[in-house]
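Chain residues, written in single-letter form:
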Amino acid sequence: MPYQAEISRVNPTAFLFLIDQSGSMEDPWAGNDGGQSKADALATIINRLFTEIVIKCSKDEGVRNYFEIGVLGYGDDVRPALGSGLAGRLFVPVSEIADTPIRVEDRVQKVSDGAGGLVDQTVKFPVWFEPRAKGGTPMTEALTQAREALDGWIGQHPESFPPIVFNITDGESTDGDPTPAADAVRDLATTDGTALLFTIHLSHHRGKVEFPDGEQGLADDFARRLFRMSSVMPPHLQREAQAEGFGVNDQSRGFVFNADSAAVIQFLDIGTRPANLR
Amino acid sequence: MRLYVQRFWCPKRGSTDREYEDAIAFNPGTGTGRRLAVADGASESSFARLWANLLVDAYVSGDLVAGTLTDQLRPLQQRWSAEVAAKPLPWYASEKARTGAFAALAGLTLCRGGIWRSLAAGDCCVLHVRQDQLLTSFPMESTAAFDSHPRLLSSNPDRNQGLDQFVHAACGRWQPGDSFFLMTDALAAYVLRRAIDAGDSVEAALPFRRPAGFKRWVEERRDERSLRNDDISLLRVRVI
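Each chain carries its own residue numbering, running from 1 in the direction its sequence is written. All chains are assigned letters beginning at A, and all ligands numbers beginning at 1, according to the order in which they are written. Confidence filtering applies because this is a predicted model: local features only for residues at pLDDT of at least 70, side-chain atom pairs given and counted only at 80 or more, and all residues used for totals across whole chains, interfaces and linings. Processing note: side-chain calculations cover all non-hydrogen atoms of the structure and skip hydrogens and water entirely.

**Focus: the side chain of serine 155 of chain B**
Residue and element names in this part refer to chain B.
Right, so step 1: Structurally, the position occupied by serine 155 is in the loop between strand S8 (153-154) and helix H4 (163-166).
Right, so step 2: Under the scheme applied here, a residue whose accessible area is under 20% of the maximum for its type counts as buried, over 50% as exposed, and between as partly exposed, the area being computed with a 1.4 Å probe on protein chains only. Taking the relative accessible area as the measure of exposure, serine 155 reaches 2% and is therefore buried.
Right, so step 3: Think of a polar contact as two N or O atoms within 3.5 Å of one another; within protein, one of them needs to be a possible hydrogen donor and the other a possible acceptor, and neighboring residues in sequence only count if both atoms come from side chains. Here the side chain of serine 155 touches alanine 101 through a polar contact of 2.7 Å, landing on its backbone nitrogen.
Right, so step 4: A contact between two residues is defined here by any heavy atoms of the two lying within 4.5 Å. Look past the residues within four positions of serine 155 in its chain and what remains in contact with it is Trp51, Gln77, Trp80, Gly100 and Ala101. Runs of H or I in DSSP of at least four residues are treated as helices and runs of E of at least two as strands, each being numbered from the N terminus.

Laid out in structure tokens, this is it:
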């Protein structure tokens, strides 16, 4: 049975985020609080997700390296997108992520006052990833570089839970059909199964589609292509999505189309839940 | 009443002894009864070993009783918070500690006069065996019960809402010659599979007598994937 491997410090798994940094990411993400651009809002989501992953791996003695995390940005070029002390590196153990933010901001968030109301509370907000929006959408090149990097990672971790790639984009590829490059990513495998490629399409349009199990109901060729590029969800993620109220089945794919920010947060939360952490 | 008590434990594979997050305690004392307890600190939380130890120590001291547990946990929660707050922690460890630690607990009190009482929260188990017959498995009565995610006791009072709904109590009668087994969930799931599903005796399912044999046996079961890779704790008690 694939996707059963324990995720441990000896056999970590990897999350690779492919982030669209094209010029259109500067546009507002309608429906988002404060009218932030997609790039700004997505950076906040990614940084918050990293914070959650670091806290999840934190134990009495420090942070356990259950995960190695990478971010590849694609816009005016394709490059590793973590900043400052991690600049230029792709897969970084989570303990190094924890100790190497670019900076730690103080941000205000609303929390319960215990009496049914909300009060402002200042929280620490580490930043590893900065927003950027420039150039086209070289998705094919990003997937090609991802495949090369993942091939090397799998060579070092042949028995690990397979890496999960999250491709987050607001538009169509500008460097050709990315389908063959996506197929090549999904063809990579550890002894526990093939690499997983999940796709998040950002939009403010109506017609959000989450975890579809077929092409029917998808509006156009673009959506259908992204669907075909995305992996079927492994059983533990099907269960996690079901627990969140999604009507998924064993053909549902890790794909959300026309996602608002809440949908992106929920998708990444579900997609990064480990099956078997030890 | 005299008890012969054996204690076995080992951390999950890939972890060190220092990273073992279960806890075991029993009181050798006299008084009205003998108390024994195991707790399983949840790996998802931090400083879970400290919390598990506070729980078993409080149980065997007679400080935890079903029905008044919310009040009785308060001093333990304060002690957990004070010990964690005294440590210099980086930002992520402070954030995690704010959530609190979680643990499953199973306690057994053998009273003079032949009565036993048990208290449990989560999936630690107490098994009562007489002449190779499994009389009681508490609180988990079947292997299927381990597929759910039971509520655990938390060091954070806000996380113990509805405590009375997930803390269970049981009682029964013991006789000289009876055996009791207190164990954490991975071992309990294995033993119940052997005892209930396959019809073996509990003693046959646990065919070791010494710690070295126990550790060898655990490794073999993990290799064959019949025992989940988790911290393992067992108290084997024979009433003489």
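**Details of the state of the cysteines**
Right, so step 1: Any two cysteine sulfur atoms within 2.5 Å of one another count as a disulfide. For the structure on display, the rule yields 0 disulfides over all chains.
Right, so step 2: Just so you know, cysteine 125 of chain B is unpaired, no disulfide at all, and the nearest cysteine sulfur is the one on cysteine 124 of chain B, 7.9 Å from it.

**What about the pattern of salt bridges?**
Right, so step 1: Put simply, a salt bridge is a Lys or Arg side-chain nitrogen that is within 4 Å of an Asp or Glu carboxyl oxygen. Per the stated rule, a full pass over the model turns up 36 salt bridges over all chains.
Right, so step 2: Residues arginine 13 of chain B and aspartate 223 of chain B are paired through a salt bridge, measuring 2.8 Å at the closest nitrogen-oxygen approach. Taken together, the positions of arginine 13 of chain B in the loop between strand S1 (3-10) and strand S2 (22-26) and aspartate 223 of chain B in helix H7 (residues 211-223) put the pair 210 residues apart, joining distant regions of the chain.
Right, so step 3: When its relative accessible area of 36% is taken as the criterion, arginine 13 of chain B is described as partly exposed.
Right, so step 4: Assessed through its relative accessible area of 54%, aspartate 223 of chain B is described here as exposed.
Right, so step 5: The shortest N-O distance in the salt bridge between arginine 194 of chain B and aspartate 200 of chain B comes to 2.6 Å.
Right, so step 6: Taken together, the shared-partner salt bridges in this structure form one network comprising Arg9, Glu61 and Arg64 of chain A together with Glu19 of chain B.

**Thoughts on the sheet that holds strand S11 (residues 232-239) of chain B**
All names here are of chain B.
Right, so step 1: By the convention used here, strands pair only if DSSP detects at least 2 bridges between them. Read from one edge to the other, the open sheet built from 5 strands follows the order S1-S11-S10-S6-S7, with strand pairing classed as antiparallel. Two strands close off the open sheet at either side, each with one partner strand: S1 and strand S7 (133-138). On average, adjacent strands in this sheet sit at an angle of 15° to one another, irrespective of strand direction.
Right, so step 2: Bridge count between strand S6 (residues 125-130) and strand S10 (residues 179-183): 5 bridges; the pairing is antiparallel. Paired with histidine 128 across the strands is phenylalanine 180, a residue of S10.
Right, so step 3: Lines fitted to C-alpha atoms define the axes, with helix axes restricted to the stretch in contact, and inter-axis angles between N-to-C directions lie between 0 and 180 degrees. Running over the sheet, H7 touches S1 and S11 and is turned about 45° from S1.

**Focus on the packing of helix H4 (residues 179-187) of chain A against helix H5 (residues 221-229) of chain A**
Residues and elements named next belong to chain A.
Right, so step 1: Interaxial distance between H4 and H5 falls to 9 Å at its minimum, and their mutual angle equals 20°. Classed by the angle they form, the pair H4 and H5 counts as roughly parallel. Relative to H5, H4 is oriented so that their crossing is right-handed. Between H4, through Thr179, Ala182 and Arg186, and H5, the contact on the second element is made entirely by Arg225, Arg228 and Met229.
Right, so step 2: Residue classes follow a fixed rule: Ala, Val, Leu, Ile, Met, Phe, Trp, Tyr, Cys and Pro count as nonpolar, while Asp, Glu, Lys and Arg count as charged, and any other residue, Gly among them, counts as polar. Looking at the contact of H4 with H5 residue by residue, the classes come out as 2 nonpolar, 1 polar and 3 charged. Between 65 and 115 degrees an angle is taken as roughly perpendicular, under 35 as roughly parallel, over 145 as roughly antiparallel, and anywhere else as oblique. Note on convention: near helix rotated counterclockwise from far helix by under a right angle means a left-handed crossing. Clockwise means right-handed.

**A short note on H5 of chain A**
Residue and element names in this part refer to chain A.
Right, so step 1: Looking only at H5, the buried set comprises Phe222, Ala223, Leu226, Phe227 and Met229. Buried residues in H5, looked at end-on, bunch into an arc of 165°, giving them a common side.
Right, so step 2: Among the structural elements, helix H3 (139-156), strand S9 (164-169), H4, strand S12 (196-202) and strand S14 (255-259) are those in contact with the buried residues of H5.
Right, so step 3: One side-chain oxygen at the N-terminal end of H5 lies 3.3 Å from the backbone nitrogen of phenylalanine 222; it belongs to aspartate 220. The arc refers to the directions leading from the helix axis to the C-beta atoms.

**Some remarks on the confidence of the model for chain B**
All names here are of chain B.
Right, so step 1: Every residue gets a pLDDT, meaning the predictor's confidence in that residue, from 0 to 100. Residue-level pLDDT values for chain B average 93, and 98% of them are 70 or greater.
Right, so step 2: Mean pLDDT across the secondary structure elements of chain B bottoms out at H4, with 89, and peaks at S10, with 98.
Right, so step 3: Prediction confidence for the complex, expressed as pTM and ipTM, is 0.86 and 0.80 respectively.

**Side note on the packing of aromatic side chains**
Right, so step 1: Stacked, edge-to-face and tilted are the three classes for Phe, Tyr and Trp ring pairs, Trp counted by its six-membered ring, which pair at centre distances within 6.5 Å; planes under 30 degrees apart are stacked, over 60 edge-to-face, the rest tilted. Under the defined criterion, the tally for this structure stands at 23 aromatic pairs over all chains.
Right, so step 2: An angle of 40° between the planes, with centres 4.5 Å apart, marks the rings of tryptophan 9 of chain B and tyrosine 20 of chain B as tilted. Residue tryptophan 9 of chain B is located in strand S1, and its partner tyrosine 20 of chain B is located in the loop between S1 and S2; the two are separated by 11 residues in the primary sequence.
Right, so step 3: With centroids separated by 5.3 Å and ring planes inclined at 80°, the aromatic side chains of tyrosine 190 of chain B and tryptophan 217 of chain B adopt a geometry described as edge-to-face. Here tyrosine 190 of chain B is found in helix H5 (residues 185-197), whereas its partner tryptophan 217 of chain B is found in helix H7, with 27 residues between them in sequence.
Right, so step 4: What links up through ring pairs into an aromatic cluster is the set Phe15, Phe17, Phe50, Phe67, Trp128, Phe166, Phe198, Phe211, Phe246 and Phe267 of chain A together with Trp91 and Tyr92 of chain B.
Right, so step 5: Between the NZ or CZ atom of arginine 253 of chain A and the centre of the ring of phenylalanine 227 of chain A, over which it lies, the distance is 4.4 Å.
Right, so step 6: Residue placement shows lysine 215 of chain B over the ring face of tryptophan 9 of chain B; its charged tip is 5.4 Å from the ring centre. Cation placement over rings: the criterion is NZ of Lys or CZ of Arg within 6 Å of the ring centroid and within 35° of the ring normal.

**A look at helix H2 (residues 69-85) of chain B**
Residue and element names in this part refer to chain B.
Right, so step 1: The span expected for a helix works out to 1.5 Å for each residue beyond the first. In this model, H2 (17 residues) spans 24 Å end to end at C-alpha, consistent with the 24 Å of a helix rising 1.5 Å per residue.
Right, so step 2: The reported bend at a residue is simply the angle between two axes, fitted to the 7 residues ending at it and to the 7 residues beginning with it. The largest bend along H2 measures about 30° and falls at proline 75.
Right, so step 3: Along H2, the positions that sit buried rather than exposed are Leu69, Leu73, Leu76, Gln77, Trp80 and Val84.
Right, so step 4: Buried residues belonging to H2 abut helix H1 (48-60), helix H3 (91-99), strand S5 (115-121), S8, H4 and strand S9 (167-173).

**Observations concerning the interface of chain A and chain B**
Interfaces are often described in size by the accessible area the parts lose on coming together.
Right, so step 1: If you look at the interface, chain A gives 19 residues, while chain B gives 19 residues.
Right, so step 2: Note: buried area is the sum, over both parts, of the accessible area (probe 1.4 Å) each one loses when the two are combined. Across the interface of chain A and chain B, roughly 1,600 Å² is buried in total on both sides, 49% from carbon and sulfur atoms.
Right, so step 3: Together, Lys59, Asp60 and Arg278 of chain A form the three largest contributors to the area buried by chain A at its contact with chain B, with a combined 36%.
Right, so step 4: Between chain A and chain B we count 2 salt bridges in total.
Right, so step 5: The partner of arginine 9 of chain A in a salt bridge is glutamate 19 of chain B, and the shortest N-O contact between them spans 2.9 Å.
Right, so step 6: For the pair chain A and chain B, the interface holds 12 residue pairs in polar contact (both at pLDDT 80 or more).
Right, so step 7: Breaking the side of chain A that touches chain B down by element, the ones donating at least two residues are helix H1 (38-57), strand S2 (58-59), helix H2 (94-99) and strand S8 (118-127) of chain A.
Right, so step 8: With 5 residues, H1 of chain A is the single largest residue contributor to the side of chain A that touches chain B.
Right, so step 9: Of the residues that constitute the side of chain A that touches chain B, the class distribution is 7 nonpolar, 3 polar and 9 charged.

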